[in-house]
Amino acid sequence: MNRLEKTLSELKDSGFNISSAKKLTGGINSAVYQVRSDLNAIYTLKLYKPPTTADPRERCKTEEDFLKYLSSLQIENVPKMAAGNRTNSWSLLEWVQGKQLKNLASQDIRDIAKFFRDINTSSTQQRQSQLPLASEAYISLSDLIVNISQRLDRLEMCSYSSDVCADASKWIRKELRPLFEDIKYKTISKKTNLKNYHP
């Protein structure tokens, strides 16, 4: 019995009789399925990468806690949890119908900005402190700058295995790196009291 089959068996024991499961593409931290119950209810089933010694991140717990945080703020445009098992690293979410955006319109950008604003207000700071940090969260501006610099260094050192890679490396050197250095200089000029920054 594979992992999906085991999870479907757990769901059945919890009262969710799943009649079909269709794997979706695009997931990185989890395998994602659109599942349908025998009552024709549609859900999203996520099978997260379980924690390991090398990578102890509890992805299932992190997402569940964040969704609970959003619910406490009465944010409605996110899926709600239907069931889950942190030990076995899976969650069942309500299905949210939508489409993948290929081009962002001005209203899309305003909606994204509003979402970030709504979840980051002065009144939410106490509840935010109870959330775990993201895997690459930086609360120090200097640490963020160093991380971006290191990422650009690694990208520039990539071998030219194809014309696309060569073009990407050239774009990084000619456009992205100078833009980043300009922003970094302007930022540091305004934040002369940055600590632990080593250019």
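Look up a bit, the structure's there.
As a starting point, this report considers the structure included with it. Note that the structure is a prediction, hence the values are computed from the model and not measured. (Residues numbered from 1 in each chain as written. Predicted model: local features only at pLDDT ≥ 70, side-chain atom pairs only at ≥ 80, totals over all residues. Heavy atoms only, no water.)

1. Re the environment of Leu 4
The following threshold applies: A helix here means a DSSP run of H or I that spans at least four residues, while a strand means a run of E at least two residues long, and both kinds are numbered starting from the N terminus.
By secondary structure assignment, the location of Leu 4 is in helix α1 (residues 3–13). Separated by 132 residues in sequence, Leu 4 and Glu 136 place their C-alpha atoms 29 Å apart.

2. Some words on the layout of surface pockets
The following threshold applies: Detection works on a 1 Å grid of protein atoms alone, calling trapped sets that fit a 1.4 Å probe cavities and calling open sets with protein on both sides within 12 Å along at least five of seven lines pockets, with lining residues defined by an atom within 4 Å of a point. Grid points are joined across faces, edges and corners, and a volume is the space filled by probe spheres set on the points. Lys, Arg, Asp and Glu make up the charged group, whereas Ala, Val, Leu, Ile, Met, Phe, Trp, Tyr, Cys and Pro make up the nonpolar group; the residues left over, Gly among them, are polar.
One number sums up the size of the largest pocket: a volume of about 1800 Å³. What lines the largest pocket is a set of 40 residues, among which Val 32, Lys 46, Glu 63, Pro 79 and Leu 93 lie closest to the centre. Looking at the lining of the largest pocket, the elements with two or more residues in it are β2 (30–37), β3 (42–48), α2 (59–72), β5 (90–94) and α3 (106–119). Of all the elements, α2 adds the most residues to the lining of the largest pocket, at 5 residues. Among the residues forming the lining of the largest pocket, the class breakdown is 19 nonpolar, 13 polar and 8 charged.

3. Some words on a nonpolar patch on the surface
Note the following rule: Patches here are clusters of residues that have more than 30% relative accessible area and form no salt bridge, with a 9 Å joining cutoff for like charges and a 5 Å cutoff for nonpolar side chains (Val, Leu, Ile, Met, Phe, Trp, Tyr). All accessible-area figures derive from a Shrake-Rupley calculation using a 1.4 Å probe, and residue coverage is judged against the displayed protein chains alone. By definition here, a salt bridge exists when the distance from a side-chain nitrogen of Lys or Arg to a carboxyl oxygen of Asp or Glu is within 4 Å.
On the surface, Leu 101, Leu 104, Ile 109, Ile 112 and Phe 116 cluster together into a nonpolar patch covering about 480 Å² of accessible area. By the element assignment, Phe 116 lies in helix α3.

4. Brief notes about the sheet that holds strand β1 (residues 18–24)
As a reminder of what qualifies: A pair of strands counts as paired when DSSP detects no fewer than two bridges linking them. Fitted lines through C-alpha atoms give the axes, limited to the stretch in contact for helices. The angle between two N-to-C directions lies from 0 to 180 degrees.
Read from one edge of the open sheet, 5 strands run β1-β2-β3-β5-β4, paired in antiparallel fashion. Strands with a single pairing partner mark the edges of an open sheet, and in this sheet they are β1 and β4 (81–85). Averaged over all pairs of adjacent strands, the angle between their axes in this sheet comes to 20°, without regard to strand direction. Of the strand pairs in this sheet, β3 and β5 are connected by 5 bridges, and their pairing is antiparallel. Looking at the pairing, Thr 44 lines up with Leu 93 of β5.

5. Things to note about the pairing of β2
As a reminder of what qualifies: With a 1.4 Å probe rolled over the protein chains alone, any residue whose accessible area is under 20% of its type maximum counts as buried; one over 50% counts as exposed, and the rest are partly exposed.
Buried residues dominate β2, accounting for 6 of its 8 residues. Counted along the chain from β1 to the antiparallel partner β2, the turn is 5 residues long, and its residue Gly 26 has a positive phi close to 105°. Bridge count for β2 against β3 is 7 bridges, and the pairing is antiparallel. Residue pairing across strands places Ala 31 opposite Leu 47, the latter belonging to β3. Following β2, the chain reverses through 4 residues before pairing antiparallel with β3; Asn 40 in that reversal takes a positive phi of roughly 70°.

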